[in-house]
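Descriptive structure summary
Residues per chain, in single letters:
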Amino acid sequence: MNKSYSRDYQVLLKMIANVESARDVVRRHNVNFSQNSSYYIANNKDALDLCSFYMAQLGEKVKLLTDETKSVLNQVVNLNIMQYFRNVINLLMLLF
């Protein structure tokens, strides 16, 4: 696939949409990320599955970005972790 800044813009918009979708899941399912809470996301399979899906999509989209855009984003978020998370989710899907 041809990588360009124009393409990066479209990919980044989709990534933002995935983040917003994950936030919406957290809001709609009334879950949080505190392990000590009864509302911990891991206690709600639907919310966890949906958020995992959106996070996996983020990791998948990283490979579509130009090296320059990845370099800038890496100053804010570790893109390798995002791709690693995607790989773990994909592996778990194969196992179960």
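Attention in this report is confined to the structure presented alongside it. Here the structure is a predicted model, which means the values were calculated and not measured.

Within the protein chain, the regular secondary structure consists of four helices and zero strands. Counting only residues that meet the buried cut, the protein chain has 28% of its 96 residues in that class. The long-range share in the protein chain, meaning contacts at least 24 apart out of those at least 6 apart in sequence, stands at 58%. On the protein chain, roughly 6900 Å² of surface is accessible, and the fraction owed to carbon and sulfur atoms is 57%. Of the side chains in the protein chain, 11 bear a positive and 8 a negative charge, and the two mean positions are spaced by 2 Å.

Position of Asp 24 among the secondary structure elements: in helix α1 (residues 5-28). On the basis of relative accessibility, which here comes to 28%, the residue Asp 24 falls in the partly exposed class. Residues Asp 24 and Val 72, 48 residues apart in the sequence, show an inter-C-alpha distance of 27 Å.

Within the structure shown, the criterion is met by six salt bridges. Put simply, Asp 24 and Arg 27 hold a salt bridge, and the shortest N to O gap is 3.9 Å. Taken together, the residues span about one helical turn, with Asp 24 and Arg 27 both in helix α1 at a distance of three residues. The class of Arg 27 is exposed, set by a relative accessible area of 57%. Its salt-bridge partner being Lys 63, residue Glu 60 comes within 2.6 Å of it at the nearest N-O pair. What emerges from the salt-bridge pattern is a single network uniting Asp 24, Arg 27 and Arg 28.

Among the nonpolar cores identified, the biggest contains eight residues, and these are Ala 22, Val 25, Val 26, Val 31, Ile 41, Ala 47, Cys 51 and Tyr 54. Among the secondary structure elements, those contributing two or more residues to this core are α1 and α2 (45-62). Excluding residues that lie within four positions of it along the chain, Cys 51 makes contacts with Ala 22, Val 25, Val 26 and Ile 41. Counting seven residues, the second largest nonpolar core, distinct from the first, contains Met 15, Leu 58, Leu 65 and Met 82.

Cut-offs applied
- Residues numbered from 1 in each chain as written.
- Predicted model: local features only at pLDDT ≥ 70, side-chain atom pairs only at ≥ 80, totals over all residues.
- Heavy atoms only, no water.
- Helix = DSSP H or I, 4+ residues; strand = E, 2+ residues; numbered from the N terminus.
- Buried < 20%, exposed > 50% of the residue type's maximum accessible area, 1.4 Å probe, protein only.
- Contact = heavy atoms within 4.5 Å.
- Areas by Shrake-Rupley, 256 points an atom, 1.4 Å probe, with all protein chains shown as cover.
- Lys, Arg positive; Asp, Glu negative; His and termini not counted.
- Charge placed at Lys NZ, Arg CZ, Asp CG, Glu CD.
- Salt bridge = Lys/Arg side-chain N within 4 Å of Asp/Glu carboxyl O.
- Core = buried A, V, L, I, M, F, W, Y, C linked by side-chain atoms within 4.5 Å.

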